[in-house]
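# Geometric and topological summary
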Amino acid sequence: MFHGAITALITPFSNNQLDEAALRRIVRWQIDSGINGLVPVGTTGESPTLSEAEHKRVIEITVEEANKAVPIIAGAGSNNPIEAVDYSRHAAEAGADAALHVAGYYNRPNQRGLYAHYEYVHNNTELPIIVYNIPPRAVVGVDVATMAELAKLERIVGVKDATGDLTRPIRERALIKKPFSFLSGDDVSCVAYNVGGGNGCISVTSNIAPKQVVEIHRLCREGNFVAAAALQDKLFALHSALFIEPNPAGPKYAMSLLGLCSDEVRLPMMPLLDSTKETIRNTMKALELI
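Residues numbered from 1 in each chain as written. Predicted model: local features only at pLDDT ≥ 70, side-chain atom pairs only at ≥ 80, totals over all residues. Heavy atoms only, no water.

At a minimum axis distance of 8 Å, the contact between helix H9 (residues 210-221) and helix H10 (residues 225-242) shows a crossing angle of 160°. The orientation of H9 with respect to H10, classified from their angle, is roughly antiparallel. As for how H9 packs across H10, the hand of that crossing is left-handed. Contact with H9, carried on its side by Gln212, Val213, Glu215, Ile216, Leu219 and Cys220, involves Phe225, Ala227, Ala228, Leu231, Gln232 and Leu235 of H10 and no other residues of that element. Its residues assigned to classes, the contact of H9 with H10 comprises 9 nonpolar, 2 polar and 1 charged. (Axes fitted to C-alpha atoms, helices over the stretch in contact; angles between N-to-C directions. Helix = DSSP H or I, 4+ residues; strand = E, 2+ residues; numbered from the N terminus. Parallel < 35°, antiparallel > 145°, perpendicular 65-115°, else oblique. Left-handed = near helix turned anticlockwise from the far one by under 90°. Contact = heavy atoms within 4.5 Å. Nonpolar A, V, L, I, M, F, W, Y, C, P; charged D, E, K, R; others polar.)

Have a look at this one:
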């Protein structure tokens, strides 16, 4: 199963072009920091504003640079199942280990439609699938009963849970009778999610503090939830600062302070206000990250 601290990678830009050198540098730094996995071209990777060629190139570079050191879960989701299949097939050809699939945004299917979407992608691709359940962005969410039905499909092997409902791993584990990766989609509540049976987190904060986020999930795997919660509390100010303005403008600015990439984002994301930059900078100094 996929587990631990898995970074939802940003996509670095330079003069509105994909910065391939920076992406390679970030992937190497993540692996050297002990990260447990990487997710290229998710929402944090600004997938909505990447061209198809850029989307595919980011996955190729991430796989190449990781060189089998950690699992790569490629963002491949779309509200169009035909496009989701195309991205999944490319990810498989590039050498990714799994695909992360969000569904339902804008077209707003019911539960039968969501199931049919994932079933279609499953039956027409070969990679293991992580279901990305994020009602705040997709408007529709995958219900517990639907998740249990999806888990009966051979290669649906996990969920990134961004529902905000900490009972979800408990209720889903009661119905899912096979090995399944329960991954939080929220750094702030990941320890509580793991207490309920989670295996880790697809993290934004690990773009900036990978060693600390890895340590949180190591402690959780060992059952030391008190120490994990104490470290999560220590990082709370950073989690909050990174999301003062829409993601990933905050993480990109923080990473620019680490010398990893520029803070450039694409419209409709906007550069940070000076007040937000100051908060992030001060928070990182307090944690001795810079």
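Once that is clear, we can look at the UniProt feature "site: Part of a proton relay during catalysis" (unreviewed entry) in the protein. The UniProt record annotates "site: Part of a proton relay during catalysis" (unreviewed entry) at Thr43 and Tyr106. Overall, Thr43 belongs to the partly exposed group, its relative accessible area being 24%. The residue Tyr106 is located in the loop between strand E6 (98-101) and helix H4 (111-123) in this model. (UniProt positions renumbered as here; feature names shortened; annotations may be inferred. Buried < 20%, exposed > 50% of the residue type's maximum accessible area, 1.4 Å probe, protein only.)

We now examine the UniProt feature "active site" (unreviewed entry) in the protein. Residues given the UniProt feature "active site" (unreviewed entry) here are Tyr132 and Lys160. Look at the named residues: they lie 29 residues apart in sequence, but the longest C-alpha span between them is just 4.7 Å, so in the fold they bunch up. Tracing the backbone through its elements, the reader meets Tyr132 in strand E7 (residues 129-133). Setting aside its immediate chain neighbours within four residues, Tyr132 contacts Thr43, Leu100, His101, Val102, Tyr118, Lys160 and Ala162. On the basis of relative accessible area, Lys160 is assigned to the buried category, the value being 7%. Beyond its immediate stretch of four places on either side in the chain, Lys160 contacts Leu100, Ile130, Val131, Tyr132, Asn133, Leu183, Ser184, Gly185 and Ile202.

What follows is about unusual backbone geometry. Pro248 follows Asn247 through a cis peptide bond whose omega is 10°. The omega torsion across Leu267 and Pro268 is 15°, close enough to zero to call that bond cis. Looking at the element boundaries, Pro268 is found in the loop between helix H11 (249-257) and helix H12 (274-286). Positive phi is not limited to glycine here, since Asn16 has a value of about 65°. By the secondary structure assignment, Asn16 is in the loop between strand E2 (13-14) and strand E3 (17-18).

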